[in-house]
Amino acid sequence: PPATTAPMGTGSLTIDLSAVVANWRALCSLARVECGAVVKADAYGLGLAPVARALAGAGCARFFVAQAEEGAALRRALGEGPEILVLNGHMAGDAEAIAGAGLVPMLASLDQLTRHFEALPGHPFGVQLDTGMNRLGMEWSEWAAVAEIALEQGPVLLMSHLACADEPDHPMNGYQLDLFRQMTDGTGAPRSLAATGGILLGPDYAFDLCRPGIGLYGGLPFDHARAVVTLDLPVVQCRDLQEGEVAGYGNAWQAQRPSRLATVAAGYADGVFRSLSHRLTLWHGDAPCPAVGRVSMDLIVVDVTDLGEDPASLTLLGPHQSVDQLAEAAGTIGYE
């Protein structure tokens, strides 16, 4: 739906579910194999249930979460049918949630494999392999020790994760691809290596299933994604300053000319990082308006002198500022 034009007391966050679906379909077309959807961390902060329902309605049949608790919540939202895979595997105490919600843990260690086979014999599972990222998954020697036993039980998926897929020319990509093939060729099990960045590396990385995440939500490295999020912030108050007057904590900004300032209702309590102080721009239509002084807990001061009018709201995320551009100004990445 379009962004609200009603009066706002707090920020108005608009999430375009049709754009999420369009991005998923575009990544499916690029991958040319089945694509699931990574919806961990509350669908990257955009709402697990509405995002997953929209994707399931578009035909997505496999969803990835990080933890069993997320998987149980997703099962309640989606009902029976879609496959829900847990990337952190089978943690101690997870058996009830895994069995009750029909989740598929991606077993990442010998301990997890033993735990799963003992607690839930015959229950579906996958295996996560480490191909050099050294974060999660069985290394070569571990996999060699249990591969025969695991494969006899029919894993639904063998997967690994690329460390440098956002850098297409990085030699780590080819190294991990080669190692993944060595660890999985001839197993007969379905395989998955590529997330969003891996899809963009080409068909060699696609295997049987891809796992797009950030690209669904409009973030890099999928630079052809449709924007998903708009964030408009209401103006609480406007005031005039004379040249030489100051604004905000610590007198951190001083007017170099007669200025009109707008105070908007947002700050670091809302996730607008304090590190954006002196590096933040908001927008009024096509007009950029620089924030001045420090980002405080729930207020930001913005220079609207050149607008010639007092805006009712200003846009933080929208047509002129993507989540990745905002992240760059904050010294972080779009995911965060």
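Residues numbered from 1 in each chain as written. Predicted model: local features only at pLDDT ≥ 70, side-chain atom pairs only at ≥ 80, totals over all residues. Heavy atoms only, no water.

**Comments concerning unusual backbone geometry**
Now for step 1: Leucine 220 connects to proline 221 through a cis peptide bond whose omega is 15°.
Now for step 2: Summarising the element assignment, proline 221 is placed in the loop between β10 (209-210) and β11 (229-241).
Now for step 3: Located in the positive-phi region is aspartate 42, a residue other than glycine, with phi close to 55°.
Now for step 4: Position of aspartate 42 relative to the elements: it lies in helix α2 (residues 40-45).
Now for step 5: If you check the backbone angles, asparagine 251 has positive phi at about 50° while not being a glycine.
Now for step 6: Relative to the assigned elements, asparagine 251 resides in the loop between β12 (246-247) and β13 (253-254). (Helix = DSSP H or I, 4+ residues; strand = E, 2+ residues; numbered from the N terminus.)

**Quick notes on the side chain of threonine 196**
Now for step 1: As for its placement among the helices and strands, threonine 196 is situated in helix α9 (residues 196-201).
Now for step 2: When neighbours within four sequence positions are excluded, threonine 196 is seen to be in contact with Leu27, Arg211, Pro212, Gly213, Ile214, Gly215, Pro221 and Phe222. (Contact = heavy atoms within 4.5 Å.)

**So, the sheet that holds strand β5 (residues 83-86)**
Strands pair in a sheet through their backbones, by hydrogen bonds, and they do so in one of two ways: parallel or antiparallel.
Now for step 1: Sheet architecture is open: seven strands sit in the order β3-β4-β5-β6-β7-β8-β9, paired in parallel fashion. Across the chains shown, the open sheet's two edge strands, defined by having one partner strand only, are β3 (37-38) and β9 (191-192). (Pairing = 2+ DSSP bridges.)

**A look at the nonpolar core**
Now for step 1: In terms of nonpolar packing, the biggest core is built from 61 residues, with Val39, Leu55, Phe63, Leu74 and Trp143 touching the most fellow members.
Now for step 2: Those elements that place two or more of their residues in this core are α1 (17-31), α3 (48-57), β4 (62-65), α4 (68-78), β5, α5 (95-101), α7 (140-152) and α8 (171-184).
Now for step 3: The contacts of leucine 74, once residues within four sequence positions are left out, are Val39, Leu48, Ala52, Phe63, Val65 and Ile84.
Now for step 4: Of all hydrophobic cores here, the second largest spans 23 residues; its members include Leu231, Val264, Leu307 and Leu317. (Core = buried A, V, L, I, M, F, W, Y, C linked by side-chain atoms within 4.5 Å. Buried < 20%, exposed > 50% of the residue type's maximum accessible area, 1.4 Å probe, protein only.)

**Some words on the pairing of β4**
Now for step 1: In β4, alternate side chains face the same way, and those of Arg62 and Phe64 on one face and Phe63 and Val65 on the other are all buried.
Now for step 2: Note: β3 against β4, two bridges, orientation parallel. Looking across to β4, one finds that valine 38 is bridged to phenylalanine 64.
Now for step 3: In this view, the connection linking β4 to its parallel neighbour β5 by way of α4 has right-handed handedness. (Right-handed = clockwise from strand over helix to strand, strands pointing away.)

**Topic: the pattern of salt bridges**
Now for step 1: Tallied over the entire structure, the rule returns seven salt bridges.
Now for step 2: Measuring nitrogen to oxygen at the nearest pair gives 3.0 Å for the salt bridge that ties arginine 257 to aspartate 306. Of the two residues, arginine 257 is situated in the loop between β13 and β14 (259-264) and aspartate 306 in the loop between β17 (300-303) and β18 (313-317); the sequence distance between them amounts to 49 residues.
Now for step 3: Residue arginine 257 is classed as partly exposed on the basis of its relative accessible area of 33%.
Now for step 4: Residue arginine 260 is joined to aspartate 310 by a salt bridge in which the shortest nitrogen-to-oxygen separation is 2.6 Å. Placement of arginine 260 in strand β14 and of aspartate 310 in the loop between β17 and β18 is noted, with a sequence separation of 50 residues between them.
Now for step 5: Residue classification places arginine 260 among the partly exposed residues on the basis of a relative accessible area of 22%.
Now for step 6: For aspartate 310, a relative accessible area of 43% puts it in the partly exposed group. (Salt bridge = Lys/Arg side-chain N within 4 Å of Asp/Glu carboxyl O.)

**Things to note about the packing of α3 against α4**
The relative placement of two packed helices is expressed as an angle between their axes plus a distance between the axes.
Now for step 1: Packing of α3 against α4 brings their axes to within 9 Å, and their N-to-C directions diverge by 55°. Relative to α4, α3 is oriented oblique. Where α3 crosses over α4, the handedness of that crossing is right-handed. Where α3 approaches α4, its residues Leu48, Ala49, Ala52, Arg53 and Ala56 are matched on the opposing element by Glu70, Ala73, Leu74, Ala77 and Leu78.
Now for step 2: Of the residues in the contact of α3 with α4, the class split is eight nonpolar, no polar and two charged. (Axes fitted to C-alpha atoms, helices over the stretch in contact; angles between N-to-C directions. Parallel < 35°, antiparallel > 145°, perpendicular 65-115°, else oblique. Left-handed = near helix turned anticlockwise from the far one by under 90°. Nonpolar A, V, L, I, M, F, W, Y, C, P; charged D, E, K, R; others polar.)

**Points about the confidence of the model for the protein chain**
One rule of thumb: low pLDDT means the predicted coordinates there are not for detailed reading.
Now for step 1: Residues at a pLDDT of 70 or more form 98% of the protein chain, whose mean pLDDT is 96.
Now for step 2: Contacts for the low-pLDDT stretch residues 1-6, under 50 throughout, to residues beyond four places or in other chains number seven contacts. (pLDDT = per-residue confidence, 0-100.)

**Here we look at the packing of α1 against α3**
Now for step 1: Look at α1 against α3: their axes get within 9 Å of each other, and the N-to-C directions meet at 50°. As judged from the angle between their axes, α1 and α3 are oblique. For the crossing formed where α1 meets α3, the hand is right-handed. Residues Leu17, Val20, Val21 and Trp24 of α1 touch α3, and the partners they reach there are Pro50, Val51, Ala54 and Leu55.

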